[in-house]
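Take a look at the letters that make up each chain.
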Amino acid sequence: MGPVTQFVAVILLPWFLCIQVVELKSLTSPCDFPAIFNFGDSNSDTGCMAAAFYPEILPYGETFFHEPAGRASDGRLIIDFIAQHLGFPYLSAYIDSIGTSYKNGANFAAGSSTIRRQNRTIFDNGSPFSLEIQVEQFNQFKARTGKFFMQGKNNSYERYFPKPEDFAKAIYSLDIGQNDIADAINKKVGKEESYAVISDMVEYFAKQVQGLYGIGARTFWIHNTGPIGCLPVAMPIHNIAYNNTPVAGYLDQNGCVNFANDMAKEFNKKLKDTVVKLRAQFPDASLVYVDMFSAKYELISNAKKEGFVYPSQLCCGYHQDGYHVFCGSKAMVNGKEIVAGSCGDPSKYISWDGVHYTEAANRWIANRILNGSFSDPPIPIARSCQISH
């Protein structure tokens, strides 16, 4: 090596190492998310349905908030632990206008909501807030917020709303699909028809992600759907119609209904394929797929080991001999008034009301997913803005 070459090498080496250090730092540094916007169903609804229709009643919210807080649980949801982990206050529901701040984001999730459009009302356990409507609500929220800042007449907007530039830097989380699957199961669709339903679901889902991308979203944290066949209200022991000994293969080793979980798995498979296609379509976006099914099923499979009661047990509600009195309600059963109150210690239960999880279970699941252990690519949520796929 000649003197000139040696000189060039000496000059370039520190520069090269500097570049390496900067790149390494960018890959390991957490994202500076200014806000989080969430879309989903009752698994992440923090007050939409309570504000729009009928508020929750006690004992909902008793563990953490000590009063009903618009959440289908005794306390916090997974989205609450996500917000806390990222340094945000708990997300306000977009439709709840009383004492609300949207400075660090908004929650558009609504209980009973679906990916696809539905023809049921709140009185039929339906919701007008399908994923399509939630995305449209976000679109309006973004446009109106931008208009406020452009007017520049009142700087108080900065105290309650994200800045226009925050939307592109925010994280967008989605957790929806369980109600679509439950509806198909309740209608007793056949195997071929279920495949058609699932294909329709993921197509609708993709359109909404494309819509969010089109108005500036770049970081997506996408949950698949959980083991719906493991919800206690779906299990034979709580339904008189199925109280006879199930046929071989109807239940798995945890007492979960196989065909319900199989449909969830099929949806999750197609959802993951869709996420891969969206990555190819939007190479400048980060789309992280989170395997909630596996995280939840791990808890269900190890309930006793993790300090919980059997996963078929629920804390609040009466579901025996085919009679269903849901949490916080009361009804006459065989001439006797049944008051469906809560258990003594919700922290020992996975299921809160037979459909939704307790705060303790939500915390357990959140702790498993936040570090990227169940993500594809395997990246923590705090660094999910980094494009690594």
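Use the structure listed above.
Thresholds applied
- Residues numbered from 1 in each chain as written.
- Predicted model: local features only at pLDDT ≥ 70, side-chain atom pairs only at ≥ 80, totals over all residues.
- Heavy atoms only, no water.
- Helix = DSSP H or I, 4+ residues; strand = E, 2+ residues; numbered from the N terminus.
- Contact = heavy atoms within 4.5 Å.
- Buried < 20%, exposed > 50% of the residue type's maximum accessible area, 1.4 Å probe, protein only.
- Pairing = 2+ DSSP bridges.
- Axes fitted to C-alpha atoms, helices over the stretch in contact; angles between N-to-C directions.
- 1 Å grid on protein atoms, 1.4 Å probe; cavity = no way out; pocket = protein on both sides within 12 Å on 5 of 7 lines; lining within 4 Å.
- Points joined across faces, edges and corners; volume = space filled by probe spheres on them.
- Nonpolar A, V, L, I, M, F, W, Y, C, P; charged D, E, K, R; others polar.
- Disulfide = S-S within 2.5 Å.

Enquirer: What am I meant to see in the environment of Val 233 here?
Expert: In this fold, Val 233 is placed in the loop between β4 (219-223) and α9 (258-281). As for Val 233 and His 324, which are separated by 91 residues in sequence, their C-alpha atoms are 8.7 Å apart. What Val 233 contacts, discounting residues up to four positions off in sequence, is Asn 239, His 319, Phe 326, Asp 353, Gly 354 and Val 355.

Enquirer: Explanation requested: the side chain of Asn 239 in the structure shown.
Expert: Here Asn 239 lies in the loop between β4 and α9. Assessed through its relative accessible area of 13%, Asn 239 is described here as buried. When neighbours within four sequence positions are excluded, Asn 239 is seen to be in contact with Val 233, Ala 234, Gly 322 and His 324.

Enquirer: Even after reading the chapter, I still don't get the pairing of strand β3 (residues 171-175), so can you show me in this structure?
Expert: Note on strand geometry: in a regular strand, side chains alternate between the two faces of the sheet. Of all five residues in β3, five are buried; the element is thus mostly enclosed. Residues of β3 alternate between two faces, with Ile 171, Ser 173 and Asp 175 on one and Tyr 172 and Leu 174 on the opposite face, all of them buried. Strand direction decides the pairing type here: strand β1 (residues 36-40) and β3, joined by five bridges, are parallel. Its bridge partner being in β3, Gly 40 is matched across the sheet by Asp 175.

Enquirer: Help me out: how do you make sense of the sheet that holds strand β5 (residues 286-290) in this one?
Expert: In sheet architecture, strand pairing relies on hydrogen bonds along the backbone and comes in two forms, parallel and antiparallel. Ordered by their spatial adjacency, six strands build an open sheet running β2-β1-β3-β4-β5-β10, and the pairing between neighbours is mixed. Looking at strand neighbours, the two that pair on one side only are β2 (105-107) and β10 (375-376), the edges of this open sheet. Here β1 pairs with β2 via three bridges, running parallel. Within the sheet, the bridge partner assigned to Asn 38 lies in β2 and is Asn 107. Across the face of the sheet, α9 comes into contact with β4, β5 and β10 while running at roughly 165° to β5.

Enquirer: Would you take a moment to explain empty space enclosed by the protein for this structure?
Expert: The rolling of a water-molecule-sized probe over the atoms marks out the regions of remaining empty space. Going through the model one piece at a time under the given rule, you end up with four cavities of 30 Å³ or more. By volume, the largest cavity amounts to about 70 Å³. Considering the residues around the largest cavity, the lining is formed by Asn 38, Asn 43, Ser 44, Ile 78, Ile 79, Ile 82, Ser 173, Leu 174, Asp 175, His 223 and Lys 296. Per-class residue counts for the lining of the largest cavity are four nonpolar, five polar and two charged.

Enquirer: Quick question: what am I supposed to make of the state of the cysteines here?
Expert: Covalently bonding the sulfur atom of one cysteine to the sulfur atom of another cysteine gives a disulfide. Scanning the entire structure with this criterion turns up four disulfides. Here Cys 316 is linked by a disulfide to Cys 327, with a sulfur-sulfur distance of 2.0 Å. A torsion of 85° about the S-S bond marks the disulfide between Cys 316 and Cys 327 as right-handed. Highlighted residues: Cys 316 in the loop between α10 (292-301) and β6 (318-320) and Cys 327 in the loop between β7 (323-325) and β8 (330-333), separated in sequence by 11 residues. Here Cys 316 and Cys 327 have matching classes, each one buried. Counting only the cysteines that take part in disulfides, in the order they occur along the protein chain, gives the pairing 1-8, 2-3, 4-7, 5-6. Cysteine Cys 48 shares no disulfide, and the gap to the nearest cysteine sulfur, in Cys 327, comes to 20 Å.

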